[in-house]
Amino acid sequence: AQHTLEPEPEAGPQLYQYILSQPSLIDAIATIISNEISTELMPATALRCLFLDMLREEDDYSIHFDVLAAVHRGNKHDKTKALSAVLFNQGLHAMVCYRVGHRLWQANRTGLAYYMQSTVSSKYSADIHPAAKLGAGIYLNCGCGVVIGETAVVGDNTSILQGVTLGGTGKEAGDRHPKVGKHVILYDSVSVLGNIQIGDGAIVNAKSIVTKPVPPMAIVSGIPAKIESERSFPEEEEGHSSDVLDDNDRNEDDTIITSGSVDGKKKTKEIEKVEQLIMRLSREQWKNSVAR
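Residues numbered from 1 in each chain as written. Predicted model: local features only at pLDDT ≥ 70, side-chain atom pairs only at ≥ 80, totals over all residues. Heavy atoms only, no water.

Peer 1: An account of the pattern of salt bridges is requested, with residue identities and associated values reported.
Peer 2: Counted under the stated rule, the structure contains 6 salt bridges. In this structure, the salt-bridge partner of Arg103 is Glu58, at a minimum N-O distance of 3.9 Å. With Arg103 in helix 7 (residues 90-106) and Glu58 in helix 5 (residues 57-73), the pair connects residues that are 45 residues apart, well separated along the chain. When its relative accessible area of 6% is taken as the criterion, Arg103 is described as buried. One salt-bridge network, held together by shared partners, links Glu58, Asp59 and Arg103. (Salt bridge = Lys/Arg side-chain N within 4 Å of Asp/Glu carboxyl O. Helix = DSSP H or I, 4+ residues; strand = E, 2+ residues; numbered from the N terminus. Buried < 20%, exposed > 50% of the residue type's maximum accessible area, 1.4 Å probe, protein only.)

Peer 1: Can you lay out the sheet that holds strand 5 (residues 153-154) for me, pointing to particular residues and giving the numbers?
Peer 2: Across the sheet, which stays open at both edges, the 4 strands sit in the order 2-5-8-11 with parallel pairing between neighbours. Sheet topology places strand 2 (133-134) and strand 11 (197-198) at the edges, where each strand pairs with a single neighbour. Taken together, the 2 bridges between strand 2 and strand 5 define a ladder with parallel strand orientation. Within strand 5, the position partnered with Leu134 by the bridge is Val154. (Pairing = 2+ DSSP bridges.)

Peer 1: So what about the sheet that holds strand 14 (residues 218-221)? Which residues, and what values?
Peer 2: Spatially, the 6 strands line up as an open sheet ordered 3-6-9-12-14-15, and their pairing is mixed. Strands with a single pairing partner mark the edges of an open sheet, and in this sheet they are strand 3 (139-140) and strand 15 (226-230). With 4 bridges joining them, strand 14 and strand 15 adopt antiparallel strand pairing. Within the sheet, the bridge partner assigned to Ala218 lies in strand 15 and is Glu230.

Geometric values such as these leave the question of function open.
Written as structure tokens, this is what we have:
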């Protein structure tokens, strides 16, 4: 923490405003992002209220695991990566904005949902349609160039790197976008086109174009993508070795169990761990800043 603060000792007040003074991790993230994407039409205070009003217990749970995904699959050499992810990870911020837009879409507030999508697209270069369905523990490497279509579905613990497109072929109507399973890795500049299934645990290598279904645990690459090998299980690829959400954390209907709500319910050990880590790092940096 001291090493991180040394080049910027003035960061102490920022940590207090954005992290230490907030009652929960969700409040902290809402405050950070609302200040990032605020405009004259939607000031930061209005955006923060919108975030906290629209996000549900299920989203609270999902966002905690999105943070864990950024921590476990991000830069391993960053000693304060939990704090860095919350403050600066644009992929994580784009995911939180998507979750707000998705709730607006479900509430038939489509105009505001589209406004949120447009704002996020211009700020983070990630164009995620608010009607798309994304699971928990999603890792967006940086969000840059990511496009996810209206009827796309992405399962839990999926990693999406820069430049990935989950789009249509232009020949279909209605349900026309990919269905990506759980624990999938989509590497740089991958394009998955059409209403096709990407099986659980599959890996699509960089710059591949996928137009046909991919079996579970398959590793595909090329234009068009073809099966190269199969993925072993459990998986331990570099940078993607930690799944942050187990299938046991869902009920029989595949609905997220909201054990991590902000209303005083008992949080999971993983959620408690990341909150404690972020708060500890924040307090250390704040103390060092005051001491200077």
